[in-house]
Amino acid sequence: MLNIMRQKEQLLLKLKNQNEQLNDYAHLVSHDLKSSLRSLSALLSWVKEDCSEKIGEESICNLNLMEEKIEKMDQFLEDIINYSEIGGTSLKINTIDLNVKVNKIIESLDIPKNINVVIKGKLPVLKADARRLRQVFQNLISNAVNFNDKEVGLVEIGVEETEGFYTFSIKDFGQGIPKEYHEKIFNTFTTLGYHEKSTGMGLSIVKRVLDLYGGEIWLESEVLKGSTFYFTLPKNKANEA
Amino acid sequence: MRKSLNILLVEDDMIEIMKFNRTISKLAYPHNIVEAKNGEEALNILYKYESLPDLILLDLNMPKINGLEFLSIIRKNIQLKYIPTVILTSSNDHKDVSECHQLGIAGYLVKPLKFADYSESIKTVLDYWCFNEFVQA
């Protein structure tokens, strides 16, 4: 019996080490690739600048496409770095006024003018790691904005408080998500392709952060009418401010 | 009064050096650039330099003596420790940022993806330092 326990412990330790190594590896490789992309991007822009008259419209068009691909790849690497960092460092405890924080996040996102993002009611003040919490809100809000397919878009952020936890909701009135994708979208690299800049990492980052806090995430959605993402953050003595 | 700067650029990547030089060449004001390919080369230059640079632009990820090591060495050196040093890197790693600030830096630039944005941020940094008084003349 004791022997089995010990074996289990060793196995867990080994897994943990391997996981950390994988994370470090992803982190390192992504950084190196990001540097190379910077070089490529610069060289490309010089070719465009120096030779635009010589190479003709069609080639300029192709160079522009290359530029877009480079941008997407850069975003992709950034997401991988973000994902691999979660859980790698210990969580900080900051006191966060979500009313201020969420407004700041909204301002920092490049939201099209025809989409209105509103906070309904008053959000709580809680204790959590500010960077991690930002990733959750930022990814869910920018998803909601990207889902929009109406002329005038609306995104509503709300919260309900119960004894054990806060339940936050991010509601959009966009194109909605078919039922068969409701679970799949939380997997890494899954994208529904609604937005050309989508890397399929956003929701897996959100889920990974929430896992750290023992929170849950789910959605209700109707095709063409919109989606609401709900997530919980458990209240405990540590995060009640 | 605007003055032209003596800049030590510590960078190992050839294309990064090209990016910097291309940016500088389009400025209205001339600056004097000395290049070093890693921390070791930069230290050698500083140790035998007759007049010290006004500003150091420092990459972090380099062979031999990397940016962080270089920074901690010059911050301990009585003659070199006042030279303002601006980090120029592709890493916004939280640990790097905080370690650099602890050692003492005059700025931390994360290289933007696009060359136009990169040029703009280099130009802004140099424009600022042009108007500064330095400890060493």
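Rules behind the numbers
- Residues numbered from 1 in each chain as written.
- Chains lettered and ligands numbered in written order.
- Predicted model: local features only at pLDDT ≥ 70, side-chain atom pairs only at ≥ 80, totals over all residues.
- Helix = DSSP H or I, 4+ residues; strand = E, 2+ residues; numbered from the N terminus.
- Buried ≥ 20, exposed ≤ 12 C-beta atoms within 10 Å, placed from the backbone.
- Contact = placed C-beta atoms within 7 Å.
- Pairing = 2+ DSSP bridges.
- Axes fitted to C-alpha atoms, helices over the stretch in contact; angles between N-to-C directions.
- Domains from an automatic or database assignment.
- Nonpolar A, V, L, I, M, F, W, Y, C, P; charged D, E, K, R; others polar.
- Expected span 1.5 Å × (residues − 1).
- Right-handed = clockwise from strand over helix to strand, strands pointing away.
- Core = buried A, V, L, I, M, F, W, Y, C linked by C-beta atoms within 7 Å.

**Points about the overall build of chain A**
Step number 1: What chain A contains, in helices and strands, is four helices and seven strands.
Step number 2: Listing each helix as α and each strand as β along chain A from the N terminus yields α-β-α-β-β-α-β-β-α-β-β.
Step number 3: With the principal axes as the frame, chain A shows a C-alpha extent of 75 × 50 × 35 Å.
Step number 4: In chain A, which comprises 241 residues, the share counted as buried stands at 26%.
Step number 5: Residue pairs at least 24 apart in sequence account for 71% of intrachain contacts in chain A once pairs closer than 6 positions are excluded.

**Brief notes about the sheet that holds strand E4 (residues 153-161) of chain A**
Either a parallel or an antiparallel arrangement is found when strands of a sheet pair, and the pairing is made through backbone hydrogen bonds.
Residues and elements named next belong to chain A.
Step number 1: In space, the five strands of this open sheet follow the order E2-E4-E5-E7-E6, with mixed pairing throughout. Of all the strands in the sheet, just strand E2 (115-119) and strand E6 (217-222) have a single pairing partner and so form its edges. Pairs of neighbouring strands in the sheet enclose a mean axial angle of 15 degrees, with direction left out of account.
Step number 2: Taken together, the five bridges between E2 and E4 define a ladder with parallel strand orientation. Of the residues in E4, the one forming a bridge with Asn 116 is Leu 154.

**Structural notes on the domain arrangement of chain A**
Residues and elements named next belong to chain A.
Step number 1: Domain annotation of chain A identifies domain 1 (1-85) and domain 2 (94-234).
Step number 2: Distance between the C-alpha centres of domain 1 and domain 2: 24 Å.
Step number 3: At the junction of the two partners, domain 1 supplies seven residues and domain 2 supplies seven residues.
Step number 4: Split by residue class, the side of domain 1 that touches domain 2 holds three nonpolar, two polar and two charged.

**Quick look at helix H1 (residues 2-85) of chain A**
Residues and elements named next belong to chain A.
Step number 1: Taking 1.5 Å per residue, 84 residues should reach 124 Å; H1 reaches only 35 Å between its end C-alpha atoms and comes up short.
Step number 2: Of the positions making up H1, those classed as buried are Lys 34, Arg 38, Ser 41, Ala 42, Phe 76, Leu 77, Asp 79, Ile 80, Ile 81, Asn 82, Tyr 83 and Ser 84.
Step number 3: Phi turns positive, to about 85 degrees, at Gly 87, one or two residues after H1.

**Examining the pairing of strand E5 (residues 107-110) of chain B**
Residue and element names in this part refer to chain B.
Step number 1: The pairing of strand E4 (residues 85-89) with E5 spans four bridges and is parallel. Its bridge partner being in E5, Ile 87 is matched across the sheet by Tyr 108.
Step number 2: Of the crossover connections in this fold, the one passing from E4 over helix H4 (residues 94-103) to the parallel E5 is right-handed.

**A closer look at the interface of chain B and chain A**
Interfaces are often described in size by the accessible area the parts lose on coming together.
Step number 1: The interface of chain B with chain A comprises ten residues on the first partner and twelve residues on the second.
Step number 2: Split by residue class, the side of chain B that touches chain A holds four nonpolar, two polar and four charged.

**Topic: the nonpolar core**
Inside soluble globular proteins, nonpolar side chains tend to come together where they are buried.
Step number 1: Core analysis: the biggest nonpolar cluster contains 37 residues, and Val136(A), Phe137(A), Leu140(A), Ile141(A), Ala144(A) and Ile170(A) have the highest contact counts within it.
Step number 2: Among the secondary structure elements, those contributing two or more residues to this core are H1, helix H2 (98-108), helix H3 (130-147), E4, strand E5 (165-172), helix H4 (202-213) and strand E7 (226-234) of chain A.
Step number 3: Sorting elements by how many residues they give to this core places H3(A) first, with eight residues.
Step number 4: Excluding its chain neighbours within four sequence positions, the residues that come into contact with Leu140(A) are Ile170(A), Val206(A) and Phe229(A).
Step number 5: Residues Leu8(B), Leu43(B), Leu60(B) and Leu71(B) belong to the second largest nonpolar core, which totals 27 residues.

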